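# Secondary and tertiary structure notes
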Amino acid sequence: MVKAVFFDWFYTLVYSKPEAQEIYCQAYREFGIELNPRKILKGYALAEKQMVDGNPAKWKESEDEETYIRYQEILLTEIGVKVSRDVISKAIRSIRRMTDELTMVLYDDTLPALNRLKQQGLILGLLTNMQKGMRLNYGELGLEPYLDFVVTSEEAGANKPEPPIFLLALEKAKVSAHEAVYVGDQYGTDVLGAKRVGINPVLLDRYDLAPNVSDCPRIHSLLEIADYISH
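Here we summarise the structure given alongside this text. The structure presented is a predicted model; accordingly, all values stated were derived computationally and were not measured.

## Some words on unusual backbone geometry
Geometrically, the link from Lys17 to Pro18 is a cis peptide bond, its omega value of -5° lying close to zero. With respect to the helices and strands, Pro18 occurs in the loop between strand S2 (14-17) and helix H1 (20-29). Notably, Lys174 is not glycine yet its phi reads approximately 60°, a positive angle. Given the relative accessible area of 74%, Lys174 is considered exposed.

Written as structure tokens, this is what we have:
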């Protein structure tokens with residue numbers, strides 16, 4: 001019986017304005033390189049599969065520039081664009097600058113889904129790799145009444161997909177792993193991370209980028225979670 005549902009933050013409950021793929025396009029456009037936003041989304045998924053160590057080079061989840069550069073190289077290669085490491089390094093600085101000015105926006109299905117789950121008496125938690133200095137404005141977005149707790153990688157001492165962040169969520173929820181569901185948009189960091197500790201993973205594939213994933217439930221909207229749990 002499911003007693004708790006944990007959620008990833010970025011691209012699961014919220015997205016940014018401008019969106020991440022548009023930021024990438026803008027950053028590389030400064031160097032005369034035009035990128036396709038749709039292909040960037042696919043590149044994210046492919047790059048995550050190759051970098052599942054919990055330190056994807058985006059949104060300041062690692063201060064190691066080499067990790068950032070490697071992630072960018074994988075993403076750009078996967079979408080058929082060849083860029084020098086020097087240009088990538090400069091583009092990363094632009095991306096960092098623009099991410100400092102992001103506005104976070106809830107997906108249309110976030111509050112309705114959380115409300116349904118709350119009405120079912122489920123414990124709801126937020127797990128995020130966001131580090132010190134990054135603004136987690138879930139209260140301002142109206143999520144505080146629905147969330148029983150928040151676990152950050154800084155608090156857990158490890159990033160997803162490493163076990164500590166998931167284990168801390170189980171501890172706070174006071175449930176066993178088999179009684180919890182974790183919903184996230186990345187296969188490498190979210191699905192595999194949850195599986196490592198025995199939590200039931202659900203892949204949120206809003207843009208239908210992972211049609212070949214078959215080892216866990218795959219949904220396209222958060223509203224499908226309540227139906228999944230009830231079955």
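Now that the structure is up, let's keep going.
## Observations regarding the sheet that holds strand S8 (residues 218-219)
With parallel pairing, the six strands of this open sheet are ordered in space as S5-S4-S1-S6-S7-S8. Only two strands of the sheet have a single partner each, and these edge strands are strand S5 (149-152) and S8. Pairing of strand S1 (residues 4-7) with strand S4 (residues 123-128), which is carried by four bridges, proceeds in the parallel orientation. Its bridge partner being in S4, Val5 is matched across the sheet by Leu124. Relative to S5, helix H7 (residues 163-173) is tilted by about 160°, and along the sheet it contacts S1, S4, S5 and strand S6 (180-184). The strands touched by helix H8 (residues 187-196) within the sheet are S6 and strand S7 (200-204), with S7 carrying the most contacts at an inclination of about 165°.

## Some remarks on the layout of surface pockets
A volume near 380 Å³ is recorded for the second largest pocket. If you go around the second largest pocket, you meet 23 residues; those closest to its centre are Ala45, Asp185, Asp205, Leu209 and Ala210. Elements supplying a minimum of two residues to the lining of the second largest pocket: helix H2 (37-50), H8 and S7. Counted by class, the lining of the second largest pocket contains 14 nonpolar, three polar and six charged residues.

Reading the values: rules and limits
- Sequence positions are assigned chain by chain, starting from 1 and proceeding in written order.
- Totals for whole chains, interfaces and linings use every residue, but because this is a predicted model, local features are given only for residues with pLDDT of at least 70 and side-chain atom pairs only at 80 or more, for both listing and counting.
- Neither water nor hydrogens contribute to the side-chain values; these are computed over all heavy atoms in the structure.
- Here a helix means four or more residues in a row that DSSP labels H or I, a strand means two or more in a row labelled E, and each is numbered from the N terminus.
- Buried means the residue's accessible area, taken with a 1.4 Å probe over protein chains only, is under 20% of the maximum for its type, while exposed means over 50%, and partly exposed covers the values in between.
- In this scheme, strands are said to pair when DSSP sees at least two bridges between them.
- Any pair of residues with heavy atoms lying within 4.5 Å of one another is described as a contacting pair.
- For helices, the fitted axis covers only the stretch in contact; all axes are lines through C-alpha atoms, and the angles between them, taken along N-to-C directions, range from 0 to 180 degrees.
- Cavities and pockets were defined on a 1 Å grid built over protein atoms only: a cavity is a set of grid points that admits a 1.4 Å probe from which the probe cannot escape, a pocket is an open set flanked by protein on both sides within 12 Å along at least five of seven lines, and lining residues are those with an atom within 4 Å of any such point.
- Grid points are joined across faces, edges and corners, and a volume is the space filled by probe spheres set on the points.
- Residues are grouped as follows: Ala, Val, Leu, Ile, Met, Phe, Trp, Tyr, Cys and Pro are nonpolar; Asp, Glu, Lys and Arg are charged; every other residue, Gly included, is polar.

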